[in-house]
Amino acid sequence: MHSTSTSVTIDPARCAGCGACIRVCPTEIISLENSIAKAAPDTNIARCLQCGHCMAACPENAIAIPALDLDLHHFSTFAVDTAWQAPGSSLPTRDLARLMLSRRSCRHYRQSPVEKEKIADLIKLAVFAPSGTNSQAWTFTCLATRAEVLALGQSIKAFFERLNKKAENVLLRKFLALVGAKTLDHYYTNYYASVKTAMDQMETENRDRLFHEVPAVILIGSSPGATCPKEDALLAAGNILLAAHTMGLGTCLIGFAVAAMESDRSIQKELGIPESETIHAAVALGYPDEIFQRITGRKKPKIRFPGK
Ligand SMILES: Cc1cc2nc3c(=O)[nH]c(=O)nc-3n(C[C@H](O)[C@H](O)[C@H](O)COP(=O)(O)O)c2cc1C
């Protein structure tokens, strides 16, 4: 009979008692009983992260975690070899490095729509990112038509129009700064002018300075209960940015959209996103209409090794 718990199932008939699962379990909920691995009784099971380490490490394939959706590594737009890749093997670093160096934020897009299958595959790749305590509390709201992106853009533009009007009020800015709320003053100094220019261009030139005319956007949010919601969302976004490049897609993170949605929750409501969720990343996505000739550099990073 299986040794079961709500989160981990260990088949004693298959278990060879090697202890590989015990060694990799981050919360130490597995132990050997009569040379067979056993998950902690139900009272302790809340500690299980359902991270799948034990399942991944078992040479006998004796462990199952019912909550894990194994379909997530079946993709519809490409085939993948799902054999585990050991560190240092198979994928040449130079290939990954070239991808990382070549990805650019794209700000010119063709109007051809992004296939929903590609979006679905990108999200499958996104959720293989790490998440704090394996919460995986991320949510993905996909706007797959230009009309939807435009509608969101209008709501965000309206938000910034209100914000700019507030920021133009010198007395209000100074008063808020005096009582310690310096955000409006900071916004005025750093963003007001460029946001105003962008909004004027949106009006007079009919240019989408916010989403760069993109035909699709993925909003990455979090449900309540995540330990590190913003970090999780941005790591998931990182997977999407790199994978999208390999699929021929361009991407750009749109921080201005996130700032607006964080401050004005009515914007997410218009998209049917529950109030309990928070949006942390907006990924603009589409077929690029720009070509780069070369890989460039970065500012020199500050690096230190405090040890001798
Ligand atoms: C959190 C975050 C927010 C960003 N927000 C915007 C944005 O609102 N609009 C935009 O055009 N680019 C945005 N970017 C893209 C950056 O400007 C871009 O990553 C940076 O200039 C480096 O260029 P690269 O991505 O091509 O390497 C954002 C990037 C990050 C990481």
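The rules behind the values
- Residues numbered from 1 in each chain as written.
- Predicted model: local features only at pLDDT ≥ 70, side-chain atom pairs only at ≥ 80, totals over all residues.
- Heavy atoms only, no water.
- Helix = DSSP H or I, 4+ residues; strand = E, 2+ residues; numbered from the N terminus.
- Areas by Shrake-Rupley, 256 points an atom, 1.4 Å probe, with all protein chains shown as cover.
- Lys, Arg positive; Asp, Glu negative; His and termini not counted.
- Charge placed at Lys NZ, Arg CZ, Asp CG, Glu CD.
- Salt bridge = Lys/Arg side-chain N within 4 Å of Asp/Glu carboxyl O.
- Buried < 20%, exposed > 50% of the residue type's maximum accessible area, 1.4 Å probe, protein only.
- Axes fitted to C-alpha atoms, helices over the stretch in contact; angles between N-to-C directions.
- Parallel < 35°, antiparallel > 145°, perpendicular 65-115°, else oblique.
- Left-handed = near helix turned anticlockwise from the far one by under 90°.
- Contact = heavy atoms within 4.5 Å.
- Nonpolar A, V, L, I, M, F, W, Y, C, P; charged D, E, K, R; others polar.
- Pairing = 2+ DSSP bridges.
- Near = heavy atom within 4 Å.
- Polar contact = N/O pair within 3.5 Å; in protein donor to acceptor, adjacent residues only side chain to side chain.
- Domains from an automatic or database assignment.
- 1 Å grid on protein atoms, 1.4 Å probe; cavity = no way out; pocket = protein on both sides within 12 Å on 5 of 7 lines; lining within 4 Å.
- Points joined across faces, edges and corners; volume = space filled by probe spheres on them.

Draft legend 1. The overall build of the chain, seen in detail. Of regular secondary structure, the chain possesses 10 helices and 9 strands. Principal axes of the C-alpha set define a box for the chain whose edges measure 75 × 50 × 50 Å. For the chain, the computed accessible surface area is about 18,600 Å², with 56% contributed by carbon and sulfur atoms. Here the chain contributes 34 positively and 30 negatively charged side chains, and the mean placements of these two sets differ by 11 Å.

Draft legend 2. A look at the pattern of salt bridges. On inspection of all chains with the given rule, the structure shows 10 salt bridges. Two residues, Asp185 and Arg173, come together in a salt bridge whose shortest N-O distance is 3.3 Å. Of this pair, Asp185 sits in helix H7 (residues 183-204) while Arg173 sits in helix H6 (residues 170-178); the two residues are 12 residues apart in sequence, bridging distant segments of the chain. Given the relative accessible area of 6%, Arg173 is considered buried. The partner of Asp200 in a salt bridge is Lys196, and the shortest N-O contact between them spans 3.4 Å. Highlighted residues: Asp200 and Lys196, both in helix H7, separated by 4 residues, approximately one helical turn. Looking at Asp200, the relative accessible area reads 37%, which means it is partly exposed. Look at Lys196 and you get partly exposed, because its relative accessible area is 34%. One connected set of salt bridges, linked through shared partners, spans Arg146, Asp208 and Glu213.

Draft legend 3. Seen up close, the packing of helix H4 (residues 116-126) against helix H8 (residues 229-246). At a minimum axis separation of 8 Å, H4 and H8 run at an interaxial angle of 130°. Between H4 and H8, the angle falls in the class oblique. Every pair of crossing elements has a handedness; the one defined by H4 and H8 is right-handed. Taken together, the residues of H8 that come into contact with H4 (itself represented by Leu122, Leu125 and Ala126) are Ala236, Asn239, Ile240, Ala243 and Ala244. Classifying every residue of the contact of H4 with H8 by side-chain character gives 7 nonpolar, 1 polar and no charged.

Draft legend 4. Geometry of the sheet that holds strand E7 (residues 216-222). One open sheet holds the 4 strands; their spatial order is E6-E7-E9-E8, and the pairing between them is antiparallel. Two strands in the sheet have a free side with no partner beyond their single neighbour: strand E6 (138-143) and strand E8 (250-253). Adjacent strand axes in the sheet meet at a mean angle of 25°, parallel and antiparallel pairs treated alike. Here 7 bridges tie E7 to strand E9 (residues 278-286), and the two strands are oriented antiparallel to one another. In the strand pairing of E9, Ser222 is matched with Thr278. Where helix H5 (residues 146-167) meets the sheet, it contacts E6 and E7, and its direction lies at approximately 110° from that of E6.

Draft legend 5. Summary view of the site of the ligand. Every residue close to the ligand is listed here: Arg103, Arg104, Ser105, Arg107, His212, Cys252, Leu253, Ile254, Gly255, Phe256 and Arg298. A distance of 2.6 Å separates an oxygen atom of the ligand from a polar side-chain atom of Ser105. Contact with the protein chains hides 61% of the accessible area of the ligand, taken as 620 Å² for the molecule alone. Secondary-structure elements contributing two or more residues to the shell around the ligand are E8 and helix H9 (255-263). Residues of the shell around the ligand, tallied by class, amount to 4 nonpolar, 3 polar and 4 charged.

Draft legend 6. A look at the domain arrangement of the chain. Considered domain by domain, the chain is made up of domain 1 (3-68) and domain 2 (74-80 + 90-292). Each of domain 1 and domain 2 was reduced to a C-alpha centroid, and the two centroids are 38 Å apart.

Draft legend 7. A look at the side chain of Glu277. Secondary-structure assignment places Glu277 in the loop between helix H10 (266-270) and E9. In this structure, Glu277 is buried with no salt-bridge partner, the nearest side chain bearing the opposite charge being Arg265 at 8.7 Å.

Draft legend 8. Structural view of the layout of surface pockets. Estimated volume of the largest pocket: approximately 2,400 Å³. In terms of lining, the largest pocket is formed by 47 residues, of which the most central are His73, Trp84, Leu125, Phe128 and Ala129. When residues of the lining of the largest pocket are traced back to their parent elements, those giving at least two are helix H2 (53-57), helix H3 (93-102) and H8. Across the lining of the largest pocket, the residue classes break down as 31 nonpolar, 14 polar and 2 charged. Counting only domains with at least three residues in the lining of the largest pocket, you end up with domain 1 (3-68) and domain 2 (74-80 + 90-292). If you trace the second largest pocket, you find 22 residues lining it, with Ala198, Arg209, Leu210, His212 and Phe256 closest to the centre. Of all the secondary structure elements, the ones that give two or more residues to the lining of the second largest pocket are H5, H7, E8 and H9.

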